[in-house]
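Examining the three-dimensional arrangement
So you can see what is in the structure, the chains are spelled out below.
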Amino acid sequence: MPYVGRFAPTPSGPLHLGSLVAALGSWLDARAAGGRWLLRIEDIDPPRCPPQAAATIQRQLEVFGLTWDGEVCFQHQRDDAYQAALDHLATTARVYPCGCSRKEWQHLGHYPGWCREGPRHPERPQAWRLRTDIGPNPVIWQDRLFGTQRLDPTTQGDVVVKRKDGLWAYQLAVVVDDAAQGITDVVRGYDLLDNTPWQRQLQQALDYPEPRYLHLPLIRGDDGQKLSKQNLAPPLPLDDATVRPLLHRALTLLDQRPPAALHQAPVATQLAWAVDAWSPLALTPRAYRDLT
Ligand code: GLU
């Protein structure tokens, strides 16, 4: 089986230890399978993406030895592909325009689909939403770590695929690009596991193949929160002396038990060991992995 994996960061800031663990898990899974590994910069929301962040991310991946194949894909250049997908979804009545404001429905927990039969507020700017009620419901799929998953996306609401302000939404862009890049294996953080049902519905509505999924436990800091830019996880270092032990730590956080002797070893040596030893099932299926 050919294998094509990817890392798809949103360049809202530099990578941190949590994103390194996700990138490393995805890279190891691809390399251990003899596969390709692609880099996609998910910069569909320019106000959230400082201009230097994409370049910093690429530099950080390089110093950790996580090299990618081919050209980098930038989502800000993919408008035409997203528009074609939206047109198809609109023609087949899988999406509908909606001008409701969050204030109007947030007491319900999720958007209940009021505009499915026609816009309630045609005079307002319109977002486009996915009709989750058309199914399949529930969505059933296999996660390689967490096993059989069964989730009904109507309980999470009709997700936005194009925003009122005209920007593309993550759910549509990720599905279009995974298909365009021929991604066979999605390896990413556990925080996206519950986004998978929307993505599976979109893939089916667009006649795209189903990738395999492996969600990885999130790294939780001492404050009990997942490491993230929002809670100020420090950016990954670029100097080799700091990079080496941090790579060793990331392998440990992926439960790969790297030998202590590799702690200060060059990045290439550690990665060669890790590709050989890679075993995703060494991970415990849990949402969070505490920092050690
Ligand atoms: N861009 C998303 C993020 O940074 C990840 C997308 C994905 O892996 O599906 O959280």
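Here's a quick rundown of the structure. The model shown is predicted, which means the values in this text are computed figures rather than measured ones. (Residues numbered from 1 in each chain as written. Predicted model: local features only at pLDDT ≥ 70, side-chain atom pairs only at ≥ 80, totals over all residues. Heavy atoms only, no water.)

Next up on the list: the pattern of salt bridges. According to the stated counting rule, one finds 23 salt bridges in the structure shown. Its salt-bridge partner being Asp178, residue Arg40 comes within 2.9 Å of it at the nearest N-O pair. On the criterion of sequence distance, the pair formed by Arg40 in strand β2 (residues 36-41) and Asp178 in helix α5 (residues 170-180) is long-range, its members being 138 residues apart. Asp178 gets classed as buried once you look at its relative accessible area, which sits at 4%. Among the charged side chains, a salt-bridge network with shared partners connects Arg116, Glu117, Arg131, Asp133 and Asp158. (Salt bridge = Lys/Arg side-chain N within 4 Å of Asp/Glu carboxyl O. Helix = DSSP H or I, 4+ residues; strand = E, 2+ residues; numbered from the N terminus. Buried < 20%, exposed > 50% of the residue type's maximum accessible area, 1.4 Å probe, protein only.)

Time to look at the packing of aromatic side chains. Scanning the entire structure with this criterion turns up 5 aromatic pairs. Measuring from ring centre to ring centre gives 6.0 Å for Trp105 and Tyr111, while their planes differ by 75°; the resulting arrangement is edge-to-face. We classify Trp105 as buried; its relative accessible area is 9%. Arranged with centres 5.9 Å apart and planes meeting at 80°, the rings of Tyr111 and Trp114 form a pair that is edge-to-face. The exposure class of Trp114 is partly exposed, given its relative accessible area of 29%. Here a set of aromatic residues connected by ring pairs shows up, and it is made of Trp105, Tyr111 and Trp114. For Lys162, the ring lying beneath its charged end belongs to Trp168, and the centroid distance is 4.5 Å. (Phe/Tyr/Trp six-rings, centres within 6.5 Å; stacked < 30°, edge-to-face > 60°. Lys NZ or Arg CZ within 6 Å of the ring centre and 35° of its normal.)

Taken together, the residues surrounding the ligand are Arg6, Ala8, Pro9, Thr10, Glu42, Tyr170, Val174, Arg188 and Leu192. In this structure, Ala8 approaches the ligand through a main-chain N or O atom, which is 2.7 Å from a nitrogen atom. Here an oxygen atom of the ligand sits 2.8 Å away from a polar atom, N or O, in the side chain of Arg188. For the ligand, whose unbound accessible area comes to 300 Å², protein coverage reaches 78%. (Near = heavy atom within 4 Å. Polar contact = N/O pair within 3.5 Å; in protein donor to acceptor, adjacent residues only side chain to side chain. Areas by Shrake-Rupley, 256 points an atom, 1.4 Å probe, with all protein chains shown as cover.)

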